[in-house]
Amino acid sequence: MFRSWDTTVLVVDDFEAIDDAPDSVDWINAAVDRNSAAELNNIKELAEQHAQLDELVFTFDDTVHMKADGADVFDFLNRADLWPERLPHVARLDLTEDEPGVQVMAMDTSTADGSVHTTESIRVVFSPDRIVYKQTTVPGLMTAHTGRWTIVETADGVDVTSRHTVTLRTDTIEKYLGEGKTVADARAYVHRALSTNSTNTLKLARGYAEALRG
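Cut-off values and rules
Residues numbered from 1 in each chain as written. Predicted model: local features only at pLDDT ≥ 70, side-chain atom pairs only at ≥ 80, totals over all residues. Heavy atoms only, no water. Core = buried A, V, L, I, M, F, W, Y, C linked by side-chain atoms within 4.5 Å. Buried < 20%, exposed > 50% of the residue type's maximum accessible area, 1.4 Å probe, protein only. Helix = DSSP H or I, 4+ residues; strand = E, 2+ residues; numbered from the N terminus. Contact = heavy atoms within 4.5 Å. Pairing = 2+ DSSP bridges. Axes fitted to C-alpha atoms, helices over the stretch in contact; angles between N-to-C directions. Expected span 1.5 Å × (residues − 1). Polar contact = N/O pair within 3.5 Å; in protein donor to acceptor, adjacent residues only side chain to side chain. Phe/Tyr/Trp six-rings, centres within 6.5 Å; stacked < 30°, edge-to-face > 60°.

### Re the nonpolar core
At step 1: Core analysis: the largest hydrophobic core is formed by 24 residues, its most contacted members being Met-66, Val-73, Leu-77, Trp-83, Leu-93, Trp-149 and Val-160.
At step 2: Secondary-structure elements contributing two or more residues to this core are strand 1 (57-66), helix 3 (70-78), strand 2 (90-99), strand 3 (102-110), strand 5 (130-137), strand 6 (142-154), strand 7 (157-168) and helix 6 (183-213).
At step 3: Setting aside residues no more than four positions away along its own chain, Trp-83 makes contact with Phe-76, Leu-77, Val-90, Leu-93, Met-105, Met-107, Arg-123 and Trp-149.
At step 4: Judged by nonpolar contacts, the second largest core, of 14 residues, contains Leu-141, Ile-173, Tyr-189 and Leu-194.

### Some remarks on the sheet that holds strand 7
At step 1: What the 7 strands build is an open sheet, ordered 1-7-6-5-4-3-2; its pairing is antiparallel. Among the strands making up the open sheet, the edge pair consists of strand 1 and strand 2. Taking each pair of neighbouring strands and ignoring which way they run, the sheet shows an average axis angle of 20°.
At step 2: Relative to strand 6, strand 5 runs antiparallel, the two being bridged by 5 bridges. Counted as the bridge partner of Val-132 is Arg-148 from strand 6.
At step 3: Across the face of the sheet, helix 3 comes into contact with strand 1, strand 3, strand 4 (116-126), strand 5, strand 6 and strand 7 while running at roughly 135° to strand 4.

### Some thoughts on helix 6
Residues spaced three or four apart along an α-helix point in a common direction, a consequence of the helix completing one turn every 3.6 residues.
At step 1: Between its terminal C-alpha atoms helix 6 stretches 44 Å, which fits the 45 Å expected from 31 residues at 1.5 Å a residue.
At step 2: The backbone nitrogen of Ala-184 has a side-chain oxygen 3.3 Å away, supplied by the residue at the start of helix 6, namely Thr-182.

### Details of the packing of aromatic side chains
Aromatic rings considered in pairs are described by the distance between their centres and by the relative angle of their planes.
At step 1: The final tally for this structure, using the stated rule, is 3 aromatic pairs.
At step 2: Plain terms: the ring middles of Phe-58 and Phe-60 are 6.1 Å apart, the flat faces sit at 20° to each other, and that makes the pair stacked.
At step 3: By relative accessible area, Phe-58 is classed as buried at 6%.
At step 4: The class for Phe-60 is buried, based on a relative accessible area of 7%.
At step 5: Centre to centre, the rings of Phe-76 and Tyr-208 are 5.4 Å apart; their planes meet at 50°, and the pair counts as tilted. Taken as a pair, Phe-76 in helix 3 and Tyr-208 in helix 6 lie far apart in primary sequence, 132 residues in all.

### Regarding the side chain of His-164
At step 1: By the secondary structure assignment, His-164 is in strand 7.
At step 2: At 3.3 Å, the side chain of His-164 and the side chain of Tyr-133 are in polar contact.
At step 3: For His-164, the side chain forms a polar contact with the side chain of Ser-198, separated by 2.6 Å.
At step 4: In contact with His-164, not counting residues within four places along its chain, are Phe-58, Thr-59, Phe-60, Tyr-133, His-145, Thr-146, Gly-147, Leu-194 and Ser-198.

Structural data, given as structure tokens:
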């Protein structure tokens, strides 16, 4: 038997402004209030949807075998700044890397149905075989999206895998997919869109890397 309680979550922030300048104090207060409200709202949504989490959160992999050198595949995945030239589904990509191996990127991607999604991500590059990322700005059907690219050596090349872990939103499903659409429809749509783009990226990486080996 499950019981439900009303729960209050209190966030207390302590800070000091340089020289206690009033403008700085006002700016910090506004930023803290804004961030705390967003964080508390996310906690509230997750807590109230706990019974649905098994449906809302899912992970899947796409793997492509390549008769190529792992270093060449890694170069293709690492040089995301070149993706607009290399990947048809990437319309725009802005990348900064102020610290080696830590990439901040904003990207516009298109899906098979012609829609365009803008995302922002932080990627951490672990040479020579792994890149992990978290999207800080996600498409409207998600509340969270993390992923990774991994390269595993085989007898005649490498297996390259793209993994996605997604948390869906429930309040935007009908807005994006139409009246009467369900969580199952959203899962299928997001899975298909992400898998299609990941698999296309992997296939293009294979062509690039196998040509270099050849």
